[in-house]
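Spelled out, the chains give:
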Amino acid sequence: MSDTKQRLLDGAIAAVREHGIAGVSARTIGAAAGVNQALVFYHFGTVDDLLTAACRASTAERVERWSERLASAGSLRELLAVGRALHEEERQLGNVTFLAQMLAGAQADQRLAAPTAGALQLWVDEIEVVLRRLLAGSPFAEVADVPGLARAVSAAFIGLELYDGVDPAGADQAMAALDQLALLMEIVDDLGPIARRALQAKVSRATRRD
């Protein structure tokens, strides 16, 4: 990637953080990138195309940054601990602000919706791999919709990141509740073989009724 294109991608993120999605333009992006605003159209065609490229590129970079930490999680509680650390770093870097603005823009502009969802899918895919490994052999593995659960976990982290901006104590409480749920699942996994078989049979019957 050329230096100018990278500066435009970085400038787009900086402009969204400073001006919000409603206030971003080729002019504000050019100013943040330190280049002529005409280069936005030369390299990316439209402002929306630049924003979606910036969202995709920045998300891919952050997923790669956290991939090893996520892969090292040995339990759901450890996964949540990584999520807490991820949340704090992303908030301090301003990535939460950028993502919040992209999500807000996607509500009103369908041209941003699909690319933003595609960027978020990168997190979902990464978390799904971890969940499949952690749930292997668990009584929950038979009934868990792992792709759906990965989306739920991703949505929870994203929602908590946004919620943290208006109610940090509430966000901490919600994260603590998720930690308690993960602890409960660990307790179930530690049951003896008889209790595990009984639980699995009950879960299977409940699943068939549904």
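Definitions and cut-offs
Residues numbered from 1 in each chain as written. Predicted model: local features only at pLDDT ≥ 70, side-chain atom pairs only at ≥ 80, totals over all residues. Heavy atoms only, no water. Helix = DSSP H or I, 4+ residues; strand = E, 2+ residues; numbered from the N terminus. Contact = heavy atoms within 4.5 Å. Areas by Shrake-Rupley, 256 points an atom, 1.4 Å probe, with all protein chains shown as cover. Buried < 20%, exposed > 50% of the residue type's maximum accessible area, 1.4 Å probe, protein only. UniProt positions renumbered as here; feature names shortened; annotations may be inferred. Phe/Tyr/Trp six-rings, centres within 6.5 Å; stacked < 30°, edge-to-face > 60°. Lys NZ or Arg CZ within 6 Å of the ring centre and 35° of its normal. Core = buried A, V, L, I, M, F, W, Y, C linked by side-chain atoms within 4.5 Å. Domains from an automatic or database assignment. Expected span 1.5 Å × (residues − 1). Salt bridge = Lys/Arg side-chain N within 4 Å of Asp/Glu carboxyl O.

J.: Break down the overall build of the chain for me, with residues and values.
T.: A count of helices and strands for the chain gives 10 helices and zero strands. The linear arrangement of helices and strands in the chain, starting from the amino end, is α-α-α-α-α-α-α-α-α-α. Long-range contacts, defined here as pairs at least 24 residues apart, represent 65% of the contacts in the chain between residues at least 6 apart. Surface accessibility of the chain: about 11400 Å² in total, with carbon and sulfur atoms responsible for 55%.

J.: Explain the side chain of Asp-48 to me, and be specific about the residues and the numbers.
T.: When you line up the elements, Asp-48 lands in helix α4 (residues 47–71). The exposure class of Asp-48 is buried, given its relative accessible area of 15%. Discounting chain neighbours no more than four positions away, the residues touching Asp-48 are Asp-109, Arg-111 and Leu-112.

J.: Requested: an account of the UniProt feature "DNA-binding region" (unreviewed entry) in the chain, with residues and values cited.
T.: Under the feature "DNA-binding region" (unreviewed entry), the UniProt entry names residues 25–44. Annotated as residues 25–44, this span is 75% helix and 0% strand, and its ends, taken at the C-alpha atoms, are 13 Å apart.

J.: Please provide a residue-by-residue account of the packing of aromatic side chains, values included.
T.: Inspection of every chain in the model, using the stated rule, returns zero aromatic pairs. The ring of Phe-44 carries Lys-5 above its face, with NZ or CZ at 5.4 Å from the centroid. Above the face of the Trp-66 ring, Arg-65 is positioned so that its terminal group lies 4.8 Å from the ring centre.

J.: Explain the nonpolar core to me, using residue names and the numbers behind them.
T.: Counting residues in hydrophobic clusters, the biggest one holds 25 residues, and the most contacted among them are Leu-8, Ile-29, Leu-50 and Leu-51. For this core, the secondary-structure elements that each account for two or more residues are α1 (3–19), α2 (26–33), α3 (38–44), α4, α6 (95–108) and α7 (110–135). The greatest single-element share of this core, amounting to six residues, is contributed by α1. Residue contributions to this core reach at least three from each of two domains, namely domain 1 (1–45) and domain 2 (56–208). Apart from residues no more than four positions distant in its own chain, Leu-51 is found in contact with Ala-12, Val-16, Ile-21, Val-24, Phe-98, Met-102 and Leu-112. Among the nonpolar cores identified, the runner-up in size contains 22 residues, and Val-63, Leu-86, Ile-127 and Val-146 belong to it.

J.: Please set out helix α5 (residues 76–93) residue by residue, giving values where relevant.
T.: If you check α5, its first and last C-alpha atoms are 26 Å apart, about what 18 residues at 1.5 Å a residue would give, namely 26 Å. Positive backbone phi, approximately 90°, marks Gly-94, located one or two places after α5.

J.: Summarise the pattern of salt bridges; cite the residues concerned and give the values.
T.: One pass over the full model with this rule turns up seven salt bridges. Close ionic contact of Arg-7 with Asp-3 constitutes a salt bridge, the shortest N to O distance being 3.9 Å. Of this pair, Arg-7 and Asp-3 both sit in helix α1, four residues apart, roughly one helical turn. Relative accessible area serves as the criterion here: at 35%, Arg-7 is assigned to the partly exposed category. Residue Asp-48 is joined to Arg-111 by a salt bridge in which the shortest nitrogen-to-oxygen separation is 3.1 Å. In this pair, Asp-48 sits in helix α4 while Arg-111 sits in helix α7, placing the two residues 63 residues apart along the sequence. Residue Arg-111 is classed as exposed on the basis of its relative accessible area of 61%. When salt bridges that share partners are traced, they join Arg-62, Arg-65, Glu-89 and Glu-90 into one network.

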